[in-house]
Protein chains: 2
Amino acid sequence: MTQTQTLSLSEAYHLALRALRSNGFSAEHADAVAQNVTAGERDGCASHGLYRVLGCVRTLLAGKVSASAVPVLSDSAPAILRVDANDGFSLLAYRSALPAFVDKVRANGIAALAINHCVHFSALWADIEPLTEQGLVALACTPSHAWVTPAGGTRPLFGTNPIAFGWPRPQRPPFIFDMATSAAARGEIELHRRAGTPLPEGWGIDERGQPSTDPDSVLQGAMLTFGGHKGSALAAMVELLAGPLIGDMTSKESLAYDRKTGSSPYGGELIIAMDPDRFMGADKEVHFARAEALFTDMSGQGARIPGERRFQMRQYSEQHGVTLPLALYEEIVALCR
Amino acid sequence: MTQTQTLSLSEAYHLALRALRSNGFSAEHADAVAQNVTAGERDGCASHGLYRVLGCVRTLLAGKVSASAVPVLSDSAPAILRVDANDGFSLLAYRSALPAFVDKVRANGIAALAINHCVHFSALWADIEPLTEQGLVALACTPSHAWVTPAGGTRPLFGTNPIAFGWPRPQRPPFIFDMATSAAARGEIELHRRAGTPLPEGWGIDERGQPSTDPDSVLQGAMLTFGGHKGSALAAMVELLAGPLIGDMTSKESLAYDRKTGSSPYGGELIIAMDPDRFMGADKEVHFARAEALFTDMSGQGARIPGERRFQMRQYSEQHGVTLPLALYEEIVALCR
């Protein structure tokens, strides 16, 4: 049995904060990261939980992230806001840009936020939620490192390229999905490697471009997109939208920049948000009720509402705290000097 | 062997135009539809080619489309344009809105076009292409009729809900994909039914919610989304974005409105377009070249660039014309009174 350590959400946050501050992150960056990883742990997303603190520190020690970068906002058009993360993590840049972005969305009906020159390790649902909290509809995407082959290809080119979408629900947690366009997350392949279990079919190919269920071969070869050529088309879209369109790196460029340090991807993120008030006008309540009818029809036949599980876990964690493997807890404590 | 009839593109267009005009469509609607179905036939998309003329006339005879609706434009925010199709086909509404929409995209950097109260039978790539021709990046989606069950569900709720995306390429045909979020198109299931062949696994379920490869059972039951819960999440997003967000029908509402007349879906379409000039500024050429490098890396390992085949077929058809099954040709001719 794995030994564990249970922490309240406040304890978890302060542990992450201390580890990040001890290693040189500015108060603002440490706070943004600690909030984010605590939220991941709280919502049952251990893959974006406190263990990410280790990667953040590793990325800093590898010289691949700025510990104290100050994000800089600029307007590039009435409905486009840019925030230059200046080589810091995306989170502080996003937080800095959020109020001005929300204003732009409300003023124009739709607007885009480009986060540039950021190091990115966080889940996109965490960037969607502050927008749904403001009553906005939002889409986000970001490339990662080139680990995934396009449909019909034999070599890695795309990132795991997540797409997230959120819809605000009156008096309910929002509808939010956040999905990799790869068949599986890279972390899931790592888990199979450590456990010595074969991968499901359709997750990856080996270095010769042949289908493989061996985790090592796939990590050396390439992952596959979900849903064949359709998932591949979406992955390419993410490369284009959150790469060249916003003047930032593709997943291949990000991996080259990494120089095998194992750091988090570097590049950009694109967020598009829409204001239902400006789209629906006076009939807003009617149309939100129609969306609720769709959700009722989904749940009524046993289909899950994306994001539901996260909010259930959140309720649990707020009462009972979060439980980490003891080894992970001690590794993070060891970072606090 | 099937007997065929080959027509030049001009002959194909005029045949479609005559059939539509003979049945009462206004000159403007007939032209917009005839251009669209000729383009589908030309590009090798027979499923959105001249055979659609039959469906257009059937929809008109069922009283489910206006033959002469005049689209009405309105501004609902600086970056949102609406066009009310007034129960006509989406195509003329889109054409009417295009110049003002392009202006809005250029002025704001990003803008949304909502087509409302339209009857929709056409492929979305045809709505994306005029935007890429203007150098814009574009996304489009539309619900359809409730034929597809959400992941984990047992009954039809979503439409085949296509998503299309386009990226302009200097001196090349654009990168454009247009994909149903269902595992297969409804027409493909019809083809299996007519041919008496079983469906591939994963296309649908029967009325009891059980997986089935029998075309009749699936047509009575429900189709599945592509890519499991991820495709299902995208299908739900399309319902929300091009349904309640723009104040228009979901696929379930559209099917109820149809009252078993077998008419085309009725509701809305959402198009979002972005201006690379406003995103990339002075570095535009550099970033477009980086996108080209991505495409070269795709083709270089045998992956297909979405839309490529359509443009190859287009070149062929422009020289050699298009070839219809004789029975279809005669059916369309019979509509010309």
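Predicted, not measured: the structure shown is a model, and the values here were computed from it. (Residues numbered from 1 in each chain as written. Chains lettered and ligands numbered in written order. Predicted model: local features only at pLDDT ≥ 70, side-chain atom pairs only at ≥ 80, totals over all residues. Heavy atoms only, no water.)

Caption draft 1: Molecular detail of unusual backbone geometry. In this model, A:K260 sits at a positive phi of 60°, which is unusual for a non-glycine residue. Looking at the secondary structure, you find A:K260 in the loop between α9 (251–258) and β11 (266–274). With phi around 35°, B:N161 is a residue other than glycine that occupies positive phi space. Given the relative accessible area of 0%, B:N161 is considered buried. (Helix = DSSP H or I, 4+ residues; strand = E, 2+ residues; numbered from the N terminus. Buried < 20%, exposed > 50% of the residue type's maximum accessible area, 1.4 Å probe, protein only.)

Caption draft 2: Representation of the sheet that holds β11(A). All names here are of chain A. An order of β2-β3-β4-β11-β5-β6-β7 is seen for the 7 strands of this open sheet, with the pairing classed as mixed. The two strands at the open ends of the sheet, each matched to only one other strand, are β2 (72–77) and β7 (172–179). Taking each pair of neighbouring strands and ignoring which way they run, the sheet shows an average axis angle of 15°. Across 5 bridges, the pairing between strand β5 (residues 137–141) and β11 is antiparallel. The residue bridging A138 from the neighbouring strand is A273, located in β11. (Pairing = 2+ DSSP bridges. Axes fitted to C-alpha atoms, helices over the stretch in contact; angles between N-to-C directions.)

Caption draft 3: Geometry of the relation of the copies chain A and chain B. Least-squares fitting of chain A to chain B yields an RMSD of 0.0 Å, with the superposition described by an axial translation of 0.0 Å and a rotation of 180°. This pairing of chains is accounted for by a two-fold axis. In terms of proximity to the rotation axis, the leading residue of chain A is A:G227, whose C-alpha is 2.1 Å off the axis. Same-surface contact between copies: 100% of interface residues of chain A are shared with the interface of chain B. (Least-squares fit on C-alpha atoms with pLDDT ≥ 70 in both. Contact = heavy atoms within 4.5 Å.)

Caption draft 4: Quick look at the interface of chain A and chain B. The partner chain B presents 71 residues to the 71 residues of chain A that form the contact. For the pair chain A and chain B, the summed buried area comes to about 5600 Å², and 71% of that belongs to carbon and sulfur atoms. Ranking the residues of chain A by area buried against chain B places A:K230, A:F279 and A:Q301 at the top, with a combined share of 14%. Here chain A is connected to chain B by 4 salt bridges. A salt bridge links A:R290 to B:E253, with the shortest nitrogen-to-oxygen separation between them at 2.5 Å. Inspection of the region where chain A meets chain B yields 22 residue pairs in polar contact (both at pLDDT 80 or more). When residues of the side of chain A that touches chain B are assigned to their parent elements, the largest contribution, 9 residues, is made by helix α8 (residues 228–241) of chain A. When grouped by side-chain class, the residues that make up the side of chain A that touches chain B number 44 nonpolar, 16 polar and 11 charged. (Buried area = accessible area lost by both parts, 1.4 Å probe. Salt bridge = Lys/Arg side-chain N within 4 Å of Asp/Glu carboxyl O. Polar contact = N/O pair within 3.5 Å; in protein donor to acceptor, adjacent residues only side chain to side chain. Nonpolar A, V, L, I, M, F, W, Y, C, P; charged D, E, K, R; others polar.)

Caption draft 5: Here's a closer look at the packing of aromatic side chains. A full pass over the atoms with the stated rule returns 17 aromatic pairs over all chains. With a centroid separation of 5.0 Å and an interplanar angle of 80°, the aromatic rings of A:F89 and A:F121 are classed as edge-to-face. Of this pair, A:F89 sits in the loop between β3 (80–84) and α4 (90–108) while A:F121 sits in the loop between β4 (110–119) and α5 (125–133), and the two are 32 residues apart along the sequence. On the accessibility criterion, A:F89 (1% relative accessible area) is buried. Taken together, a centroid distance of 5.2 Å and an interplanar angle of 20° make the contact between B:F175 and B:F295 stacked. Note that B:F175 is positioned in strand β7 (residues 172–179) and B:F295 in helix α11 (residues 284–299), a separation of 120 residues in sequence. Across this residue pair, the class does not change: B:F175 and B:F295 are buried. Chaining the aromatic ring pairs together yields one cluster made of A:F165, A:F175, A:F177 and A:F295. The cationic tip of A:K64 hangs over the ring face of A:Y257; the distance from NZ or CZ to the ring centre is 4.3 Å. (Phe/Tyr/Trp six-rings, centres within 6.5 Å; stacked < 30°, edge-to-face > 60°. Lys NZ or Arg CZ within 6 Å of the ring centre and 35° of its normal.)

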